[in-house]
Amino acid sequence: MEDFRSLAYNVFSVWLLFIIAFIMLPSMFGMSLGISQVYMKILVKMLEWATLRIQKGFEEQKKLRMAASNELFFFVLFYKGIIQRDQSPMEEEIVGLRQSRSQCLQSGDFELSDVFYFSKKGFEAIVEDEVTQRFSSEELISWNLLTRTNYNFQYLSHRVTLIWVLGVFVRYCILLPLRVTLATIGISWLVVGATIVGQLPNGRIKNWFSEKVHLVCCRICARALSSAIQYHNKENRPKKGGICVANHTSPIDIIILANDGCYAMVGQVHGGLMGVIQRAMARACPHVWFERSEMRDRHLVTKRLREHVFDKEKLPILIFPEGTCINNTSVMMFKKGSFEIGGTIYPVAIKYDPQFGDAFWNSSKYTMVKYLLRMMTSWAIKCNVWYLPPMTRQEGEDAVQFANRVKSAIAKQGGLVELPWDGGLKRDKVKDSFREEQQKNYSKIIAGESNIFKR
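What comes next is a walk through the structure. (Residues numbered from 1 in each chain as written. Predicted model: local features only at pLDDT ≥ 70, side-chain atom pairs only at ≥ 80, totals over all residues. Heavy atoms only, no water.)

**A look at the overall build of the chain**
Part 1 of the argument: Each helix and strand counted, the chain has 15 helices and nine strands in total.
Part 2 of the argument: Each of the 455 residues in the chain was classed as buried or not, and the buried ones make up 40%.
Part 3 of the argument: The contacts in the chain between residues at least 6 apart in sequence include a share of 77% that link residues at least 24 apart.
Part 4 of the argument: Carbon and sulfur atoms form 60% of the exposed surface of the chain, whose accessible area is close to 26,200 Å². (Helix = DSSP H or I, 4+ residues; strand = E, 2+ residues; numbered from the N terminus. Buried < 20%, exposed > 50% of the residue type's maximum accessible area, 1.4 Å probe, protein only. Contact = heavy atoms within 4.5 Å. Areas by Shrake-Rupley, 256 points an atom, 1.4 Å probe, with all protein chains shown as cover.)

**Side note on the pattern of salt bridges**
Proximity of charged atoms lets side chains of opposite charge pair with each other.
Part 1 of the argument: What the rule picks out here adds up to five salt bridges.
Part 2 of the argument: Close ionic contact of D260 with K234 constitutes a salt bridge, the shortest N to O distance being 3.5 Å. One end of the pair, D260, is in the loop between α8 (253-258) and β3 (264-268); the other, K234, is in the loop between β1 (227-232) and β2 (242-246), and 26 residues separate them in sequence.
Part 3 of the argument: Residue E397 pairs with R405 through a salt bridge whose shortest N-O separation is 2.9 Å.
Part 4 of the argument: For E397, a relative accessible area of 12% puts it in the buried group.
Part 5 of the argument: Classification of R405 as partly exposed rests on a relative accessible area of 25%. (Salt bridge = Lys/Arg side-chain N within 4 Å of Asp/Glu carboxyl O.)

**Some points on the packing of helix α7 (residues 204-223) against helix α9 (residues 272-284)**
Part 1 of the argument: Relative to each other, α7 and α9 sit at 145 degrees, their axes nearing to 9 Å. Each of K206, S210 and H214 in α7 lies in contact with α9, whose residues at this interface are M281, R283 and A284. (Axes fitted to C-alpha atoms, helices over the stretch in contact; angles between N-to-C directions.)

**Here's the deal with the side chain of R219**
Part 1 of the argument: Counting through the fold element by element, R219 comes out in helix α7.
Part 2 of the argument: For the buried R219, no salt bridge exists, and the shortest N-O distance to an oppositely charged side chain is 5.6 Å, to D260.
Part 3 of the argument: At 3.4 Å, the side chain of R219 forms a polar contact with the backbone oxygen of N259. (Lys, Arg positive; Asp, Glu negative; His and termini not counted. Polar contact = N/O pair within 3.5 Å; in protein donor to acceptor, adjacent residues only side chain to side chain.)

**Points about the nonpolar core**
When a protein is soluble and globular, its nonpolar side chains tend to lie buried together.
Part 1 of the argument: L257, V348, Y352 and V385 are the most contacted members of the largest nonpolar core, which totals 46 residues.
Part 2 of the argument: Element by element, the count of residues in this core is highest for helix α6 (residues 158-197), at eight residues.
Part 3 of the argument: Among all residues touching V348, those that are not within four sequence positions of it are C244, V245, A246, N247, L257, V385, W386, Y387 and I410.
Part 4 of the argument: If you look at the next biggest cluster of nonpolar residues, it comprises 24 residues, including L305, W386, F402 and V406. (Core = buried A, V, L, I, M, F, W, Y, C linked by side-chain atoms within 4.5 Å.)

**A look at the pairing of β1**
Part 1 of the argument: Alternating residues of β1 divide into S227, I229 and Y231, all buried, and A228, Q230 and H232, none buried.
Part 2 of the argument: Relative to strand β8 (residues 381-387), β1 runs parallel, the two being bridged by six bridges. If you follow S227 over to β8, its bridge partner there is I381. (Pairing = 2+ DSSP bridges.)

**With respect to α7**
Every α-helix carries 3.6 residues per turn, so stepping three or four residues along brings you back to the same face.
Part 1 of the argument: Given a rise of 1.5 Å per residue, 20 residues ought to cover 28 Å, and the 29 Å separating the end C-alpha atoms of α7 matches this to within 8%.
Part 2 of the argument: Three or more residues of α7 are buried, namely K206, S210, V213, H214, L215, V216, C217, C218, R219, I220, C221 and A222. (Expected span 1.5 Å × (residues − 1).)

**Regarding the packing of aromatic side chains**
Part 1 of the argument: Overall, the coordinates contain five aromatic pairs when judged by the stated rule.
Part 2 of the argument: Aromatic side chains Y231 and Y387 sit 6.2 Å apart centroid to centroid with 10 degrees between the ring planes, which places their arrangement in the stacked category. With Y231 in strand β1 and Y387 in strand β8, the pair connects residues that are 156 residues apart, well separated along the chain.
Part 3 of the argument: Ring geometry for W361 against Y371: centres 5.9 Å apart, planes inclined by 40 degrees, an arrangement best described as tilted. Of the two residues, W361 sits in the loop between β7 (344-353) and α12 (368-376) while Y371 sits in helix α12, which places them 10 residues apart along the sequence. Both residues of the pair, W361 and Y371, belong to the buried class.
Part 4 of the argument: Here the aromatic cluster, defined as three or more aromatic residues joined through ring pairs, consists of F334, F339 and F402.
Part 5 of the argument: In this structure, R171 is placed above the aromatic ring of W379, and the distance from its NZ or CZ to the ring centre is 5.5 Å.
Part 6 of the argument: A cation over a ring is seen here: R374 above Y366, with NZ or CZ 4.4 Å from the ring centre. (Phe/Tyr/Trp six-rings, centres within 6.5 Å; stacked < 30°, edge-to-face > 60°. Lys NZ or Arg CZ within 6 Å of the ring centre and 35° of its normal.)

**Looking at unusual backbone geometry**
Part 1 of the argument: The phi dihedral of S226 falls on the positive side, at around 50 degrees, and the residue is not glycine.
Part 2 of the argument: For N233, which is not a glycine, the phi torsion comes out positive at approximately 55 degrees.
Part 3 of the argument: Mapped onto the elements, N233 comes out in the loop between β1 and β2.
Part 4 of the argument: Accessibility expressed as a relative area gives 35% for N233, which makes it partly exposed.

**Concerning the sheet that holds β2**
Part 1 of the argument: If you walk across this open sheet you meet the seven strands as β1-β8-β7-β2-β5-β3-β4, and the pairing is mixed. For this open sheet the edge positions go to β1 and β4 (288-290), each flanked by a neighbour on one side alone. Geometrically, the sheet is characterised by an average inter-axis angle of 25 degrees between neighbouring strands, direction not taken into account.
Part 2 of the argument: Contacting β2, β3, β4 and β5 (317-319), helix α11 (residues 298-309) crosses the sheet at an angle of about 170 degrees to β4.

**Remarks on the packing of α6 against α9**
Pairs of packed helices are described in terms of their axes, by the angle between the two and the distance that separates them.
Part 1 of the argument: The contact between α6 and α9 brings their axes to 7 Å, and the two run at 40 degrees. Of the possible angle classes, the one that applies to α6 and α9 is oblique. The crossing of α6 and α9 is left-handed. Of the residues in α9, those touching α6 at I187, L190, V191, A194, T195 and V197 are V276, I277, A280, M281, R283 and A284.
Part 2 of the argument: Across the contact of α6 with α9, the residue classes break down as 10 nonpolar, one polar and one charged. (Parallel < 35°, antiparallel > 145°, perpendicular 65-115°, else oblique. Left-handed = near helix turned anticlockwise from the far one by under 90°. Nonpolar A, V, L, I, M, F, W, Y, C, P; charged D, E, K, R; others polar.)

Below, the structure is given as structure tokens:
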């Protein structure tokens, strides 16, 4: 028994020494020993080989699927002939339907053919829904040897199956314990370090120590995800007394950005472990935390944020104006509240590479614990971060226009699709005003008030 305890102690000591010497110390000083670069190169080679093997397996099965593929091809052609999105106004399409059926076009009449218009729009909304498809994982061109991508790919080749089994062992038996250890150390250091720094008197010394504690702990947490991050245009990094806004894909967006600079966080007060972390951070740095009841008071929120922004000694506020996570393909509507505060806006575009792991958090499908487990059992988290030139509100520009201008700049830089929809549709139903607007337009056609009838 004593021998077993001694062996376990020695193994744990060597394990901890390895983590401290080769991962923690370099990350604390913002250095890299090149281990992650070698790891990423091996991953790329392995995934390329797996892709070639899978393609070869598909070619061998191609003849067996040829007949079914031809049937599917003709079905798609026929289907596209029926469902073809038309952006014409309602009255023009309905008039076109009536005229194509040689029906007289009179005001005050209801024609049964009008139903075809609404049916067609309904099918279009189901087939080409721009909203709900942004809340599911991004599709990959090829398999990345992760079971959750496509479970059936591993059976196309015995070699691919062997590599997949080896990958499961590496991810769950080596990488997962390593990453959990690093994450535990990083969070523990953040709580302890922020609590100690919080005891210092307010001033430059406290601010300096606070920034160092936050930066070091976030770098350790970033290493816990095997993150490979490239930062572009660092001369545009957010400065104190400003607001940093970015597109939102995952809760780790905060770690990705805080790995290169310090920010003041904005959010709701939580309980449990998250509450402990929030209280410790608030002692060391003036973050902006709100009680649940205060979040509903828009004027109070704006007032506190404005007071923070116009203090040039305080860290820039980090805000995600979308309000929810989008699947790394698009940028949805920016809520105007962040752009009513005033001050300088520092836009940031974040784009993840899904080849090594899916960073998107589908909060309606996975709890935070399950999501973190998926992240820590992925190969790595690779992403690009672009710091855009600072932007200010122009004369005669309202908050909505300013938000759309910033959103367009982020979408263009990150290669993301720009959508006008509110990310809140992820959980909420479509507003009644949208449905009522269509009803009003149709009632005008029936009543003869449409411009079509006035010509």
